[in-house]
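A structural walkthrough
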Amino acid sequence: MLTQVKSWALSPDSLQKPSDSFDCTINSSPTFSVTSRASATGSSSSTCAWTSTSISAQQPEQGLGTIRCIRKKQSKVKKTVFWGIQVAESMIWRNWMLGKEITKNLTLKNIHTKTQKLKYRLPSTKFFFTVYPQTIFLGPGMSFTLPIIFRPLEEKQYLDRLCFEMAEGEFSVELKAILPIHQLFCPPSLQLPLCAVSDTSEAWFNLCNVGDMPTFFTWDSPNPFHILPTTGLLEPGSICQIKVLFQPLVALIYDIQASCWYGEAGEQKTVIQLQAVAKCCQLLVCINKDEPEETELTSHKEVNFGPAPVGYTTKKCIQLINPSVVNAPFHIEVNRDLYEDDRVFTCPIARGVVFPGEQMWLSLLFRPQTVGLQSVDYLKILPPGNTSEVSLKLIGIGAGPAVSFNHYCVDFYWISLGKSATKFLTMQNAANCPAYFMFEIDNQESVFSLEPQSGLLGANEKKLVTVTFQPTHPIICYRRVACLIHHQEPLFLDIIGTCHSESAKPAILRPRHLKWYRTHMARGLILFSPDVLGIMLKENKLIRDEDGALMLRQEDPQKPLPIKYPDIPPFSEYFLDGTDDTSIFLPTIGIEPLVVNFNRCSTLGEPDPFPLCLTNYTRGKITVVWTHQANSPFQVVPEVVDIPPLKKTVARLHFQPQYPNKVYAAELEAFAYYKVLRSYNNIEEDCTLFPSWCVRLKAMGHTYEVNREHNFPRYTLDVPKLFPAVSSKSTSYRTLLLYNSGSLMFTFNLMPNSSPDITFRPTTGFLLPGACQIFLLSTCPKGVPWKQHPLTLQFNFCPKYIKDIMMMSREEPLQLQLESGKILYFKPTYVGGSSTSPFAIRNTTRLTLSFEWRYAYHNSKVVSVQPSKGIILPNEVMIHTWTFTPSYETKYLIRVVLWGWDARVSSGYSPSPTTHYLLRVIGEGIKGFITAKEKELDFGNVLVDSEQRKDLVLLNNGNCALPYRLFVEQTMKGPCDPEEVESDPIALKMDKMEGTLPARSQETICLTACPTRRLQYIWTIRYSILTRDESKYRAKEVLCKVTMMGVYPTLSIVDACATGSAGGITRQHLWQLLSLETLNNYLERDPTSWELTYKVPTRHSTNRIPSFFTPLRLDFNFGASPIGSEPSVVFLLLKNSGVVPLNWAFLFPSDQQIDLEFWAERTELDFAELHQMRVQDNQIFSITPKSGSLCPGQEQTVELIHSHVFVGTDQLPVLLKVSHGREILLNFIGVTVQVGEKYVHFTSTSHRFTPVAIGTALPSRQIYELYNGGSVPVLYDIQLDPLWEVQSKNFQHPIFQCLNPHGDIQPGKTTQVYWIFSPIEAKTYTVDVPINILGWNSAVVRFEGVGYDRFVMGNTAPFHTVTNNDQTPMDTKLVIPGQVVFLSQSRISLGNIPAHARCSRLIFLNNASEKEIVIFSWDLGSSNIIDNVILKVSPMMGVVAPGENVPFVVTMKASQNTCFYSFDLICKIYLQRALTQYEAELQAWEKEKNRQEVEFTITETNLEGLPEFLKSSSSCTACGRKYKTLPPIQKQPPYTPPVSWKLRSPKPRPIRLCPEAPKPCLLYLGLTARAHNLDDFESNFYTELPCYFLYLPLKEKKNEGESMISEDKPEQVPLSRQAKRIVTDILTMVIRSLLEDRKFHEDVENALVEPIPYFSQFWSEESSQMPKKKSSLDRVSDNSILCEGEEEGEDEGKEDEMGDEEEESWDKGKLFESLEESMSHQSIIQKRSLHHLLSEGLNRILEEEKSRREKEAISRLPSFLSLRQSVLENMIQNIMIEASRGEVVLTTKPRVIALPPPTQPLTNNLPSEQIPESIPRRRSFGSISAPLPQMHVFPKQSISEVVV
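Residues numbered from 1 in each chain as written. Predicted model: local features only at pLDDT ≥ 70, side-chain atom pairs only at ≥ 80, totals over all residues. Heavy atoms only, no water.

Each helix and strand in the protein chain was counted, giving 22 helices and 109 strands. With 1844 residues in all, the protein chain has 43% of them scored as buried. Of the contacts made within the protein chain by residues no fewer than 6 positions apart, 72% connect residues no fewer than 24 positions apart. Total accessible area on the protein chain stands at roughly 101,000 Å², and carbon and sulfur atoms take up 53% of it. (Helix = DSSP H or I, 4+ residues; strand = E, 2+ residues; numbered from the N terminus. Buried < 20%, exposed > 50% of the residue type's maximum accessible area, 1.4 Å probe, protein only. Contact = heavy atoms within 4.5 Å. Areas by Shrake-Rupley, 256 points an atom, 1.4 Å probe, with all protein chains shown as cover.)

The next thing to look at is the packing of aromatic side chains. For the structure shown, the criterion picks out 68 aromatic pairs. When the centroid spacing of 5.9 Å and the interplanar angle of 45° are considered together, the rings of W93 and F150 count as tilted. Residue W93 is located in strand β4 (residues 90-93), and its partner F150 is located in strand β9 (residues 143-150); the two are separated by 57 residues in the primary sequence. Of the two residues, W93 and F150, both sit in the buried class. Judged by centre distance (6.0 Å) and plane angle (65°), the ring pair of F1317 and Y1325 falls under edge-to-face. With respect to burial, F1317 and Y1325 carry one shared label: buried. For the cation-ring pair, K104 lies above W93, with the distance from its terminal atom to the ring centre recorded as 5.6 Å. Over the ring of F967 we find K1036; its NZ or CZ atom is 4.2 Å from the centre of that ring. (Phe/Tyr/Trp six-rings, centres within 6.5 Å; stacked < 30°, edge-to-face > 60°. Lys NZ or Arg CZ within 6 Å of the ring centre and 35° of its normal.)

Our next topic: the sheet that holds strand β2 (residues 79-82). Judged by pairing direction, the sheet is antiparallel, and its five strands sit side by side in the order β2-β3-β5-β9-β7 without closing on themselves. Single-partner strands in this sheet number two, and they are β2 and β7 (128-130). Shown here is a sheet whose adjacent strand axes are inclined to one another by a mean of 30°, direction ignored. Relative to strand β3 (residues 85-88), β2 runs antiparallel, the two being bridged by four bridges. (Pairing = 2+ DSSP bridges. Axes fitted to C-alpha atoms, helices over the stretch in contact; angles between N-to-C directions.)

To continue, consider the sheet that holds strand β82 (residues 1181-1184). The strand order β78-β80-β84-β82 describes an open sheet built from four strands, whose pairing is antiparallel. Edge positions in the open sheet fall to β78 (1051-1060) and β82, since each of these has one partner strand only. Here the average twist between neighbouring strands, direction ignored, is 20°. With four bridges connecting them, β82 and strand β84 (residues 1195-1202) associate as antiparallel partners. Bridge pairing in β84 links S1182 to I1201. Packed onto the sheet, helix α7 (residues 1076-1084) meets β78 and β80 (1128-1136) and runs at close to 155° relative to β78.

It is worth spelling out the nonpolar core at this point. If you look at the biggest cluster of nonpolar residues, it comprises 82 residues, and the most contacted ones within it are F439 and L653. When residues of this core are assigned to their parent elements, the largest contribution, eight residues, is made by strand β49 (residues 663-674). In this view, L653 contacts V596, F598, P609, F610, L612, F634, Q635, V636, L668, L697 and A699; residues no more than four positions away in its chain are not counted. Core analysis: the second largest hydrophobic core is formed by 40 residues, L1074, F1116, L1134 and Y1267 among them. (Core = buried A, V, L, I, M, F, W, Y, C linked by side-chain atoms within 4.5 Å.)

Position of T703 relative to the elements: it lies in the loop between β50 (693-702) and β51 (715-718). For T703, a relative accessible area of 4% translates into the label buried. Looking at T703, its side chain comes within polar contact range of the main-chain oxygen of Y659, at 2.8 Å. Only 2.7 Å separates the side chain of T703 from the backbone nitrogen of N661, close enough to count as a polar contact. Setting aside anything within four residues of it in sequence, one finds T703 in contact with C601, T603, P657, Y659, P660, N661, K662 and Y664. (Polar contact = N/O pair within 3.5 Å; in protein donor to acceptor, adjacent residues only side chain to side chain.)

Bridge analysis of strand β33 (residues 421-429) against strand β37 (residues 462-469) gives eight bridges, and the strand direction is antiparallel. Each bridged residue has a counterpart across the sheet, and for L425 the counterpart in β37 is V465. Relative to β37, strand β35 (residues 448-451) runs antiparallel, the two sharing four bridges. Among the inter-strand pairings, L450 is bridged to a residue of β37, identified as V467.

Let's shift gears to a nonpolar patch on the surface. A cluster of nonpolar side chains, contributed by L1763, V1767, L1768, M1771, I1772, I1775, M1776, V1784 and L1786, occupies part of the molecular surface with about 780 Å² of accessible area. Locating M1771 in the fold gives a position in helix α21 (residues 1758-1780). Accessibility expressed as a relative area gives 46% for M1771, which makes it partly exposed. (Patch = residues over 30% accessible without salt bridge, like charges linked within 9 Å, V, L, I, M, F, W, Y side chains within 5 Å. Salt bridge = Lys/Arg side-chain N within 4 Å of Asp/Glu carboxyl O.)

By the burial criterion, the buried members of helix α3 (residues 530-538) are P530, L533, G534 and L537. End-on view of α3: buried residues confined to an arc of 105°, all on one side of the axis. Downstream of α3 by a residue or two, N540 has a phi angle that is positive, lying close to 60°. (Arc of directions from axis to C-beta.)

In this section: the pattern of salt bridges. Overall, the coordinates contain 49 salt bridges when judged by the stated rule. Of the charged contacts in the structure, one is a salt bridge between R121 and E170, with a shortest N-O distance of 2.8 Å. Highlighted residues: R121 in strand β6 (residues 116-121) and E170 in strand β11 (residues 170-177), separated in sequence by 49 residues. Residue classification places E170 among the partly exposed positions, given a relative accessible area of 43%. Residues E573 and R480 are paired through a salt bridge, measuring 2.6 Å at the closest nitrogen-oxygen approach. Placement of the pair is E573 in helix α4 (residues 570-575) and R480 in strand β38 (residues 476-485), with a sequence separation of 93 residues. Classification of E573 as buried rests on a relative accessible area of 15%. Judged by its relative accessible area of 32%, R480 is partly exposed. Here the salt bridges share partners, and the residues they tie into one network are E440, R479, D577, E667, E669, R696 and R761.

With an omega of -5°, the peptide bond between Q866 and P867 qualifies as cis. Structurally, P867 can be placed in the loop between β64 (863-866) and β65 (869-872). Note that the residue after S1434, namely P1435, is joined by a cis bond; omega there is -5°. Inspection of the secondary structure puts P1435 in the loop between β101 (1430-1434) and β102 (1437-1440). Even without being a glycine, S1075 presents a positive backbone phi close to 55°.

Once that is clear, we can look at the environment of S632. Within the fold, S632 resides in the loop between β45 (622-626) and β46 (634-637). For S632, the contacting residues outside a window of four places in its chain are E445 and L668.

Bringing helix α11 (residues 1472-1494) into the picture now. End to end, α11 covers 33 Å across 23 residues, agreeing with the expected 33 Å (1.5 Å per residue, within 8%). Of the positions making up α11, those classed as buried are L1475, Y1478, W1485 and E1488. In this structure, the buried residues of α11 make contact with β100 (1414-1419) and β104 (1459-1471). (Expected span 1.5 Å × (residues − 1).)

Before going further, it helps to spend a moment on the environment of F217. Considering the arrangement of structural elements, one finds F217 in strand β16 (residues 215-220). F217 sits 53 residues away from T270 along the chain, and the two C-alpha atoms are 10.0 Å apart. The contacts of F217, once residues within four sequence positions are left out, are L184, L207, P229, T230, T231, G232, L233, L234, I242, C260, W261 and Y262.

With that out of the way, let us pick up the side chain of S632. Residue class for S632 comes out buried when judged on its relative accessible area of 10%. Side-chain polar atoms of S632 contact the side chain of E445, separated by 2.7 Å.

A word on the confidence of the model for the protein chain. In the predicted model, the protein chain carries a mean pLDDT of 78, and the fraction of residues at 70 or more is 80%. Within the model, the stretch residues 292-299 combines pLDDT values under 50 with 15 contacts to residues more than four positions away or in other chains. Taken together, the stretch residues 1503-1525 has pLDDT below 50 and engages in 22 contacts with residues farther than four places along the chain or on a different chain. (pLDDT = per-residue confidence, 0-100.)

The next thing to look at is the environment of I227. One can find I227 in strand β17 (residues 225-228). You can call I227 buried: its relative accessible area is 2%. In sequence terms I227 and K243 are 16 residues apart; their C-alpha atoms lie 5.7 Å from each other. Each residue touching I227, except ones within four places of it in the same chain, is listed here: W219, S221, I242, K243, V244 and A258.

If you want it as structure tokens, here you go:
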């Protein structure tokens, strides 16, 4: 379908920039619309015919079929500015024609404030030209128009430029002529509104033809977008509005490209990006306002209307809420199974939309039609696409009126003839439904009248009814008046009265007589006259019962008792009154016909009377009396007539109308009674008194003329269309209401063509104005299909006034629908348990049915159902719950029958008719087990008093659901008291202890563990399967085991280092000062309950010194430093050594104090508080950071600073708080001394030596350290007198020995004092030794030592202790801020080593900087080195590039003494950049210093009166200097300056300080070891002895990079600066003279070319004949030379032995040589002598044996051992270095190379002459085989090559 689009032309200027005017879109709100499509949505290019029922206000008014184009708003030509000249960027010619000139004007405007001058050049092509170039002057604000002419010669595109020149530069304007083209423009993207899934939203955009030709277009849009129109034609310059429909089916974000194809062949394309978001809508349904919003979309919601008036509409509203951001359309789906006329629940809204964030009220209507019927219906609210639904169950009860009388019998007793009596009756409607009522009596014709006779009784209303009795004859009057009520059963009112006259006085009728009368009527006694009954009573044929009624005498007592008057339903009593030849009891009197219709009559003459027939059905004579009123036009003649028993009589009805054109109608009344009742004297027994019978006759006629229009009846008729539902052979009743809303009376009668299946009462009658008539209808439907019953009512005897009524009824079948099928399958159920299954049944009829499930008794223990019986409402779906309880592991098949019958049948009788349905129940009993997915569940480490959750997954791999119950048993392991932890509650909580686990499924139970102790918790979770009896369960089975470790946060100090003033403290001493080892031990313990008073840092105290809740206190000693020195800085590396995250904090007293108001603070402070205030206010102690958080394994550096501000000892209690963990009080102590004051810091007053075994020959030396915290060196002196006292007490055995009792301690350094502890008994020795500091105080230190017996203690002996409690870390973990270089290890522990051992370790110096080059230098610290111990670090100094590392080899050669070794090696790190800068500054400073030493400046201006040498010229022309040389210094007279001089102090010369050398960064490397003598080491560490190299030098030697000191030799004093200068000058002169000596040069050159000399003193005759000496002897001699300290006796012995062997071999050679000379030369060539070959083989064997002995001797040489050790060490070091650099991967799996199998040598197959010379030959001489000598040829090489 092609759409022709009307267009409006646009100006070309408006098309210059399409993007300026086509960027607007028109979006319409996504309203609900109904669209129909002619093609599938999958075709994107197909044409869609569509209509829209709702158009947004923003949409165009025209439909898509006649879309008009909108005129574009013209856009301006885009201009630009060049140096103040405003001009168009380009000029475009369109729609030009060949041969025609087109002129356009180019305007130049000066927007600058000064005059502009510019020139232009003509275009380069001939197609564009303008006026001849000229200079253009433009003043401010002036414009200049330049015409440009375009003259085309051919159809093509033309391009050119018009250039302009200015002083500032050049610019150009583009000239372009384009051909007509097809070009469409649309916005690049279009954002559609949010849309719900399966809903529709739309948007509009403009499609513009910016080309020059009419263009066809076709849209290609992918789903779910649809573009309308899909095709069309656009004229040039026109705009078409395009509509985009978005209909998503999935909630996604859509970003799809739609293409528009156009052009001659549709090859051009423009695209638009369609962007939209589809979301799922959400609809919440709220039934009641008070209830919360319900979010379950699939749940059943019940709307209960409650009792509602029948015939009236009740409305109930539910609330629909849309919380989503998109529209929520919905539609209502009703139950299709119901008959439309039987539907009582309706919803006026079939579909609608709830807007985002809004709510909507949905009305539900309920209009019941049947009283007392509880109606059920189902309604569904469905969103788009029916993705989810809300099912509403509508319930309502039809409530009818509840009209009653206060009494149902009105007794007038008796009155005289001619008088009237009045009584009142109260009517009450107890229901909320209004009631229309009507008394079926004609007040004008009856002796009884009721006012009101009809009307409306409102809800809960009472009304007074006036009953009047006005008899016309002296008779007994009784009438049972029916009160017909709409939608209610009729009520009956008994009215009795007796009329007496002077001549006739009948017996008085009372209410008791009515009761007896009904009993007699039920027993059939009313057919006999009272006199007969009296005689029978006298004859005892009749007797009276307990109520006084008559009854036949019963001879047989077993016969049933005579019946009584039954309870007759009101409808049955009304319809079975005998008028239709049907009655409940035997009739007594009858009249025919019941209705007389005179039709049209004339008032001029009396119509013929209508004959009536009266019949007496009794056995007595009766009298009939008609109660004729004087003004009635109807009269029966005769008025009184007697009828013999079982006879008939005739009477005539006369009609005398008085007025023409009028309707006449009346109900005539007659009373029939037994004639004996005329006088009370005839009644002997009171119980035989019968009331009269009322005979009713309806008469009607009219006097309308033939052509006269009858009165028009005005009425309202309430007619339900359906009869109430009844079962088979039952009668259904319905009431109709006819209300006369006019002002005239009208008559009605039922036409004969009405359905005969319906009994209609009354069929005729009249209705007064404002009165209402109640009709009662009954039918007995037959057949299940619906049957129509047409009824026709005629009004006012006129055929035109007819009302057709269509009633429908059917016989409701007893039908139940098993919606769940005829087979009920139970899922497999474990034996002993039970499973339930819902089963739905539906009542598809309109009857309320009773049901009952029946099955065999033996199956009652296996299956059961709830409810087993009950009532199901019409159209109701009832869910029954079946329970299956298997007893054995088998399959079950049980047959169950569902019986159903009408619920209105009395339960006392058997239900008939009934229906039944067979249901097969199938189930299986099996056994099941529950397992856990994880048999062992580990919580890991959990913080004490905290919670952690884990999921326990229960698995049921069986085919049955298992109800279970869980049990938990708790066990705790660890260091605890079992009796104490036994009473602890279970620390494992489960969110679910019991439940049901479905088959083949899993369930997750959340376990919450909350440990209360630092112990290991073990929980055993058991389960038990529950049986049907929940109080009983099976045996407990183990499900899984759960473990958990309760932990506390564990903080530890892993490293510490000191800088600043404390930089001289060694790492080991620092750990002692800060008590770090004790602190770590405290941190590892459990916190006390007091410490957990505040689990996190809290301000809790109002005192300046807060109270502490921890018993642990430690000293944090920062040492001592002089005042004014740099602060002592200690860096601590904190590590979370636990397994849970922790928070730590250092709390000062102020951090724990609660901030108080000024008035609340205490003003009186003690000394401790003042001291703490001074420390905190001056920040003498500071910590950075003071708090932090650490994850497990994480480390953090903390900086502690002690500032030396005040002299004295500073103390501050600092609380180290670990959240949920320990609290430790740290007493920060720092000492500040005066400058120059001596101070030695003693860590403690006691020192314990390492235990030593008694009997040790050479006890190890042990170390005690002294630290100098002052600024000057100090001398210490240890008093040895206490040691001698101990020695004297122990048999003169030196228990304690101090090796260096005197010495000095440098400032800020530590000195080691060596002790030897040698016990002789297994006990503890103590000695108090005074340590005197010269010029300072003394201290007494108690030294303790423990001696033990190794034989008694055995393996528990502490022999393996390495150092004196050195617990500092091995690795370098702490990095000081700003430190870029660090060692791979901060401490080397060699452990237990033997004496004389040489140990080496490889460490690395890493440069972590990316830019800085560092220089390192090692300081071995000779003051800390013990005698005869050599320390070596290689290399000693060097440079480390950025990002690289340098390996170091640290070697220690232990002495022969057993000792504890502890060294501190210092590596000084310098930045190369800092050193370079320092050298440059130093050179500049020295240069300036030298200049200042030789230069000075005279500041005086007046030199008069000065000495002669000062008045001379101040310049020297000879030397060119400014000043002359000063004269010689000689004694001069004192000079007194004049008083007139102004005394001025000369300006102080600026003092330039010498630059300070950069301070190195010191890296400390600790080295510890314990040396044992060889015997002890071999006995205790036998397996480790081969791992050590024992170095036994005979001569001590000190090389570069080594440090050695001996006890006997003093240290070498370094050379002074002057001595170094002298040595340097001497060596310089010697070398310079040698370089200038030519003779020396020539001698050197000659020595280089001189052959190797042969010294004759080594010549001998034997040596000239000796074979060439073996290389092995040369190597032996070389090694003997290299080995220093070899004894000369051993060398001489070896040389003699070697000489004897050479002599022996030479004698054998001479023997063989003589034998060879005796043989001819030819025979020697052919065959060698046997002796010669034997000699040669023996020599070779002797040489090999000799070589072996030589090698063994060499291998035992110390020099060789040292060499081999060095080679191996170098190899291992090289491998490790290469591995550290990544060149070698040590963990790589070694490769296996498979070699080829060995091949057979080729020499076996070759002849002897073809064997190569290189292959050794073997010749056999008996049992001796010797290889032939192999000849090797070496090329000639130089001496240097040979050496290499």
